[in-house]
Amino acid sequence: MTTLLSYWTPPRFSAAASPLLGDAVTALRSSSAASVDGEVPGCSVADQLHVVAQVLADLAADAEGRRRRPLPRPGEPSVLADQFAVLGNDLLTADVDPALLDRLADQLDTLRAAL
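Not measured: the values here are computed from a predicted model.

### Description of the overall build of the protein chain
Check the secondary structure of the protein chain and you find six helices and zero strands. When its helices and strands are written in sequence order, the protein chain yields α-α-α-α-α-α. Scaling as 2.2 N^0.38, a compact globule of 115 residues should have a C-alpha radius of gyration of about 13 Å, and the protein chain matches this with 13 Å. By principal-axis analysis of the C-alpha atoms, the protein chain measures approximately 35 × 30 × 25 Å. Within the protein chain, buried positions represent 37% of all 115 residues. Put simply, 73% of the contacts in the protein chain that link residues at least 6 apart link residues at least 24 apart. Accessible surface for the protein chain amounts to roughly 6200 Å². Of this, 56% is attributable to carbon and sulfur atoms. For the protein chain, the separation between the mean place of its 9 positive charges and that of its 15 negative charges on side chains is 4 Å.

Next up, the structure:
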């Protein structure tokens, strides 16, 4: 997904999120054991992707025994591609249950298809 996002332009990030994308984000949030406290997904693609990045950050923090912290919103939406790369690496190097990683990969595939 990182490669896909790295080619996007600002208008693509600011476009209204499709219902399919919203459904994919909701499924990811609800079944990943991660929660985005107080965070309500916005209506743009960038808003939805920020929620996904926060879920990944929460999962990595849980796996590493760290406390969850809010992920800063990037000033430029194209930074989301870099955030996904770093967070994905964090998850792969953390002690995450392989079953959770498999489920997460499936959900991220669904998310990618919705983009």
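### Focus: the nonpolar core
Counting 31 residues, the largest nonpolar core has L49 and F84 as its most contacted members. Tallying contributions element by element places helix α4 (residues 45-64) first for this core, with 11 residues. In contact with F84, not counting residues within four places along its chain, are M1, T2, L5, L49, V52, A53 and L56.

### Observations concerning the pattern of salt bridges
A complete count under the given rule lists four salt bridges for this structure. Note that D62 and R68 form a salt bridge whose closest N and O atoms lie 2.5 Å from each other. Across the pair E64 and R66 runs a salt bridge whose closest N-O atoms are separated by 2.6 Å. For R66, a relative accessible area of 35% gives the class partly exposed. Through salt bridges with shared partners, a single ionic network connects D58, D62 and R68.

### Here we look at the side chain of Q107
Here Q107 lies in helix α6 (residues 98-114). Contacts of Q107, omitting those with residues within four sequence positions, involve A27, L28 and S31.

### Remarks on the packing of α4 against helix α5 (residues 79-93)
In contact at an axis separation of 9 Å, α4 and α5 are set at 20° when each is read in the N-to-C sense. The orientation of α4 relative to α5 falls into the category roughly parallel. As for how α4 packs across α5, the hand of that crossing is left-handed. Residues A46, L49, H50, V52, A53, L56, A57, L59, A60 and E64 of α4 form the contact with α5, whose participating residues are L80, Q83, F84, L87, D90 and L91. Residues that form the contact of α4 with α5 fall into these classes: 12 nonpolar, two polar and two charged.

Criteria and thresholds
Residues numbered from 1 in each chain as written. Predicted model: local features only at pLDDT ≥ 70, side-chain atom pairs only at ≥ 80, totals over all residues. Heavy atoms only, no water. Helix = DSSP H or I, 4+ residues; strand = E, 2+ residues; numbered from the N terminus. Rg over C-alpha atoms; globule rule 2.2 N^0.38 Å. Buried < 20%, exposed > 50% of the residue type's maximum accessible area, 1.4 Å probe, protein only. Contact = heavy atoms within 4.5 Å. Areas by Shrake-Rupley, 256 points an atom, 1.4 Å probe, with all protein chains shown as cover. Lys, Arg positive; Asp, Glu negative; His and termini not counted. Charge placed at Lys NZ, Arg CZ, Asp CG, Glu CD. Core = buried A, V, L, I, M, F, W, Y, C linked by side-chain atoms within 4.5 Å. Salt bridge = Lys/Arg side-chain N within 4 Å of Asp/Glu carboxyl O. Axes fitted to C-alpha atoms, helices over the stretch in contact; angles between N-to-C directions. Parallel < 35°, antiparallel > 145°, perpendicular 65-115°, else oblique. Left-handed = near helix turned anticlockwise from the far one by under 90°. Nonpolar A, V, L, I, M, F, W, Y, C, P; charged D, E, K, R; others polar.

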